[in-house]
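The lines below spell out each chain.
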Amino acid sequence: MKKLYYLLFLVIPFCTLAQPTVQQSDEPVIGLAWVTGIDPNYASPITAGGANQTWDYSALQFVDTGGALFLDVEGTPYQTTFPNANLTVHDVVKDEWTYFHTTTTGVYVSGIDSAGTNLVFNPEWLYMPVPFTYLDSRTSTARIQIDTNFMGTPARAVRTFKDDFNADGWGTLKVPGNTFT
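Residues numbered from 1 in each chain as written. Predicted model: local features only at pLDDT ≥ 70, side-chain atom pairs only at ≥ 80, totals over all residues. Heavy atoms only, no water.

K.L.:
Can you walk me through the overall build of the protein in this structure?
P.N.:
For the protein, the helix and strand inventory stands at 1 helix and 13 strands. Reading the protein from its N terminus to its C terminus gives the helix and strand order α-β-β-β-β-β-β-β-β-β-β-β-β-β. Across the 181 residues in the protein, those meeting the buried criterion constitute 36%. (Helix = DSSP H or I, 4+ residues; strand = E, 2+ residues; numbered from the N terminus. Buried < 20%, exposed > 50% of the residue type's maximum accessible area, 1.4 Å probe, protein only.)

Laid out in structure tokens, this is it:
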């Protein structure tokens, strides 16, 4: 269920009126904020995609909330570690900075600093493809490499992320307190 909320609230802030095409003008900007809600008790199936659908999740119960505020990278602690980034989000609870790079092809995660540990994506991790419209699909691969010492022996850990984006529907989304058309 957390995946459903994560997906819904990841996409909602960037879709002006849930338009069928997500464009570069829908990318986040400095000062954009959104709030997420989590209902761990939701158990119904997610309805199918398609053209002009209505997804009614207005009965969800927000048990936990979160959110994000996009900030200017200038003056942040790790701006030189992520030179392509032009936006960042700071999670003060986790002491975590996520750095984003917006382009004509999408929004990418350049890297993350979590309590002083830098994770640099090379290539960058696609967060939101643009332009992206109904029936489009896109695959993206990103990776991080961590070089360290393990018991006195140099070690390298590589993590690869492969994401498939599929725009299998468009229409109206109803959530508690709002409807996106």
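K.L.:
How do you make sense of the pairing of strand E7 (residues 106-114) when you look at a structure like this?
P.N.:
Two faces make up the sheet, and in a regular strand the side chains alternate between them. Within E7, 8 of the 9 residues are buried, which leaves the element mostly enclosed by the surrounding structure. Of the pairings in the sheet, the one linking strand E6 (residues 96-103) to E7 comprises 8 bridges and is antiparallel in character. Its bridge partner lying in E7, Glu96 is registered against Ser114. Where E6 folds back onto E7 in an antiparallel hairpin, the turn is made up of 2 residues. With 8 bridges joining them, E7 and strand E8 (residues 117-129) adopt antiparallel strand pairing. Residue pairing for E8: Ser114 is matched across the bridge by Thr117. What sits between the antiparallel neighbours E7 and E8 is a turn of 2 residues, in which Ala115 has the positive phi angle 50°. (Pairing = 2+ DSSP bridges.)

K.L.:
Before we go on, may I ask you to explain unusual backbone geometry in this structure?
P.N.:
For residues other than glycine, phi is negative in most cases, and the peptide bonds are mostly trans. Here Asn122 and Pro123 are connected by a cis peptide whose omega angle stands at 0°. Following Val130, the chain continues to Pro131 via a peptide bond in cis, the omega torsion being -20°. Turning to its location among the elements, Pro131 is positioned in the loop between E8 and strand E9 (132-133). Within the chain, Asn52 stands out as a residue other than glycine whose phi angle is a positive 55°. Positionally, Asn52 belongs in strand E3 (residues 50-56). With relative accessibility at 55%, the residue Asn52 sits in the exposed group. With phi around 55°, Met151 is a residue other than glycine that occupies positive phi space. Within the secondary structure, Met151 is located in the loop between strand E10 (137-150) and strand E11 (153-166).

K.L.:
Quick question: what am I supposed to make of the packing of aromatic side chains here?
P.N.:
Aromatic rings considered in pairs are described by the distance between their centres and by the relative angle of their planes. Here the structure, examined in full by the defined rule, presents 9 aromatic pairs. A centroid spacing of 6.3 Å and a plane angle of 25° characterise the contact between Trp97 and Tyr99, whose relative ring orientation is stacked. Trp97 sits in the buried class, given a relative accessible area of 11%. Taking 5.1 Å as the distance between ring centres and 40° as the angle between the ring planes, the aromatic pair formed by Phe121 and Trp125 counts as tilted. Residue Phe121 is classed as buried on the basis of its relative accessible area of 6%. One aromatic cluster is present, built from ring pairs that chain together Trp34, Phe70, Phe100 and Tyr127. (Phe/Tyr/Trp six-rings, centres within 6.5 Å; stacked < 30°, edge-to-face > 60°.)

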